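# Structural overview for review
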Amino acid sequence: MNATLILPVLKQDQIWKDQTKFEDIFDVDHFIDYLKYDVRIVRDIPEWFTDKSELFTSIRRTVKNIPKYAPAQFYVDNVLPRIKEKKIMALKPFVDRLGYDNVPSEINRLRCRVNYHALKFLPEIEEMSDLLVSRMRNRTGVSNPYMALHLRFEKGMVGLSFCDFVGTRDEKARMAEYRKKEWPRRYKNGSHLWQLALQKRKEGRCPLEPGEVAVILRAMGYPKETQIYVASGQVYGGQNRMAPLKNMFPSLVTKEELATKEELDGFRKHVTSLAALDFLVCLKSDVFVMTHGGNFAKLIIGARRYMGHRHKSIKPDKGLMSKSFGDPYMGWATFVEDVVVTHQTRTGIARGDLP
């Protein structure tokens, strides 16, 4: 299209309420310089365009309804004429998958160049993440491998999932009120939710609880001494919910336990900066475990594949695991066999495995 790219505007997350800008977490100079032979990039909207807020609020200046896997020609035929007419257009978020069949291979290669080379976190984020990784590897006084666990069990995620979890009657009532307030159209009168929760669990669409993660990891053969870095927001249910995981893997820490309050204070201004630290520590781990879907885990697994599967990534089969967890007559030996067989093809290529 021979168009100029204005620095991307990050989508504002409804749950985290974060107002992070692109330049708050990414190295803009590196981004622009690395892609200078691919596309012209400018830092801001040109001065001649006086009403900057209009660009993100006016329907006339926004290209929406782009098919999820639109071919390259779609942009030439449908987006380019709008840009020529309006001079500046905003494109709503579109497909975030790195490669698919409807675009030429050189464009797929460019997507990888952007995601794995041009997008680089600010130096202070990179340096702090390296410090956290170093501390993870040397917690016992000698160099050790470590596992990173992306534990998606925050209140917002539990609420949005509309799944049912173990809890007191009062806890369930409060969660029902929270869902009714945040997602009224999905909640309706609540009468259909129990059946929906059962179906979602069977289909593997519910987040794994910390206790379930602990049992799966132990069945996979990871010992009590395994060093685990947990990337997570505030876990729904607090310490009571985390207790089974901590009891089975006591060498479990978060960035808040690896670093001092003063070291992290500079990153607290933006939730995304803290997430960036977690992202890099998880990316560099010897084993990465995801417990639910989402861009964070998918990007890490994608990056590790791009780097050549040097480290192991585990994506639990939650659908099959729900059957095992729901069988009160299944013994431990049978459960271990189920876990091992189920995940033989879901753990990447293990070259940097833990003991």
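Shown above is the structure to which this text applies.
Criteria and thresholds
- Note on numbering: residues in each chain are counted from 1, in written sequence order.
- Reporting in this predicted model follows two pLDDT cut-offs: at least 70 for local features of residues, and 80 or more for side-chain atom pairs to be given and counted; totals over whole chains, interfaces and linings ignore these cut-offs and use all residues.
- Hydrogen atoms and water are omitted, and side-chain values are computed over all heavy atoms in the structure.
- In DSSP terms, a helix is any run of H or I states spanning at least four residues, a strand is any run of E spanning at least two, and both are numbered starting from the N terminus.
- Helix span, as expected, comes to 1.5 Å for every residue beyond the first.
- The criterion used for residue contact is that any of the two residues' heavy atoms lie within 4.5 Å.
- When DSSP finds at least two bridges between two strands, those strands are taken to pair.
- Lines fitted to C-alpha atoms define the axes here, with helix axes fitted over just the stretch in contact, and angles between the N-to-C directions of these axes take values from 0 to 180 degrees.
- In what follows, roughly perpendicular refers to angles from 65 to 115 degrees, roughly parallel to angles under 35, roughly antiparallel to angles over 145, and oblique to any angle outside these ranges.
- Note on residue categories: nonpolar means Ala, Val, Leu, Ile, Met, Phe, Trp, Tyr, Cys or Pro, charged means Asp, Glu, Lys or Arg, and polar means any other residue, Gly included.
- Burial classes: relative accessible area under 20% of the type maximum marks a residue as buried, over 50% as exposed, and values in between as partly exposed (1.4 Å probe, protein chains only).
- As used in this structure description, the phrase polar contact means that two N or O atoms lie within 3.5 Å; if the pair is within protein, one of them must be able to donate a hydrogen and the other to accept it, and residues adjacent in sequence are counted only when both atoms belong to side chains.
- A pair of sulfur atoms, both from cysteines and within 2.5 Å, is called a disulfide here.

The end-to-end C-alpha distance of helix 5 (residues 105-118), which contains 14 residues, comes to 18 Å, matching closely the 20 Å that a straight helix rising 1.5 Å per residue would cover. Elements in contact with the buried residues of helix 5: helix 2 (28-34) and helix 16 (295-306).

With that settled, consider the sheet that holds strand 8 (residues 287-290). Strand order across the open sheet formed by 5 strands is 7-6-5-8-9, with parallel pairing between neighbours. Edge strands, defined here as strands with exactly one partner in the open sheet, are strand 7 (252-253) and strand 9 (312-314). Sheet topology note: the strand 5 (residues 147-150)/strand 6 (residues 228-231) ladder contains 4 bridges and is parallel. In the sheet register, Leu149 faces strand 6, and the bridge partner there is Val230. Against the sheet, helix 15 (residues 271-283) contacts strand 5, strand 6 and strand 8, and its axis sits at roughly 145° relative to strand 6.

At a minimum axis separation of 7 Å, helix 11 (residues 210-219) and helix 12 (residues 238-248) run at an interaxial angle of 20°. It follows that helix 11 is roughly parallel to helix 12 by the angle criterion. The segment helix 11 lies against helix 12, with Pro210, Gly211, Ala214, Val215 and Arg218 engaging Arg241, Met242, Pro244, Leu245 and Met248. Grouping the constituent residues of the contact of helix 11 with helix 12 by class yields 7 nonpolar, 1 polar and 2 charged.

This part takes up the environment of Arg205. Position of Arg205 relative to the elements: it lies in the loop between helix 10 (193-202) and helix 11. Note on Arg205: relative accessible area 40%, which makes it partly exposed. In this structure, the C-alpha to C-alpha distance between Arg205 and Lys318, residues 113 residues apart in sequence, is 7.3 Å. Excluding residues that lie within four positions of it along the chain, Arg205 makes contacts with Cys163, Lys200, His292 and Lys318. Separated by 2.8 Å, the side chains of Arg205 and Glu203 make a polar contact.

Scanning the model with the defined rule gives 1 disulfide in all. Between the sulfur of Cys163 and that of Cys206 lies a disulfide, 2.0 Å long from S to S. Its torsion about the S-S bond being -90°, the disulfide of Cys163 and Cys206 is classed as left-handed. Of the two residues, Cys163 sits in the loop between helix 7 (155-161) and helix 8 (169-182) while Cys206 sits in the loop between helix 10 and helix 11, which places them 43 residues apart along the sequence. Taking relative accessible area as the criterion, Cys163 reaches 3% and is therefore assigned buried.

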